[in-house]
Amino acid sequence: MASTTYDDKTQKVGITLPISIIKQTDKLRGYIPRSTYIRRAVEYYLKQGKNR
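Figured I'd write up the structure that's included with this text. Because the structure is predicted, anything quoted here is derived from the model rather than measured. (Residues numbered from 1 in each chain as written. Predicted model: local features only at pLDDT ≥ 70, side-chain atom pairs only at ≥ 80, totals over all residues. Heavy atoms only, no water.)

This part takes up the overall build of the protein. When you go through the protein residue by residue, the secondary structure sums to two helices and zero strands. Every one of the 52 residues in the protein was classed for burial, and the buried ones make up 8%. (Helix = DSSP H or I, 4+ residues; strand = E, 2+ residues; numbered from the N terminus. Buried < 20%, exposed > 50% of the residue type's maximum accessible area, 1.4 Å probe, protein only.)

The tally for this structure, following the rule as stated, stands at three salt bridges. The salt bridge involving R34 is made with D26; its shortest N-O contact spans 2.7 Å. Residue D26 is classed as partly exposed on the basis of its relative accessible area, which comes to 25%. A salt bridge links E43 to R39, with the nearest nitrogen and oxygen atoms 3.5 Å apart. Here the residue E43 and the residue R39 both occupy positions in helix α2 (residues 34-50), the gap between them amounting to four residues, near one helical turn. (Salt bridge = Lys/Arg side-chain N within 4 Å of Asp/Glu carboxyl O.)

Close contact between helix α1 (residues 19-29) and α2 brings their axes to 10 Å; oriented N to C, the two are set at 95 degrees. Taken together, α1 and α2 sit at an angle that is classed as roughly perpendicular. Along the contact surface, α1 presents I22, T25, D26, L28 and R29, while α2 presents R34, Y37 and I38. Considered class by class, the residues forming the contact of α1 with α2 number four nonpolar, one polar and three charged. (Axes fitted to C-alpha atoms, helices over the stretch in contact; angles between N-to-C directions. Parallel < 35°, antiparallel > 145°, perpendicular 65-115°, else oblique. Contact = heavy atoms within 4.5 Å. Nonpolar A, V, L, I, M, F, W, Y, C, P; charged D, E, K, R; others polar.)

See below:
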């Protein structure tokens, strides 16, 4: 799996997360936009699955 690039098209999706996960994410991400932080976390997770 290749990571996303500037030329990748994006699509909006809606997800439902517990407030506790949102708070934890916001605390960890700092100044990184929430969507960017979550996208990177998903990319990392998918990469880890590929290496198994």
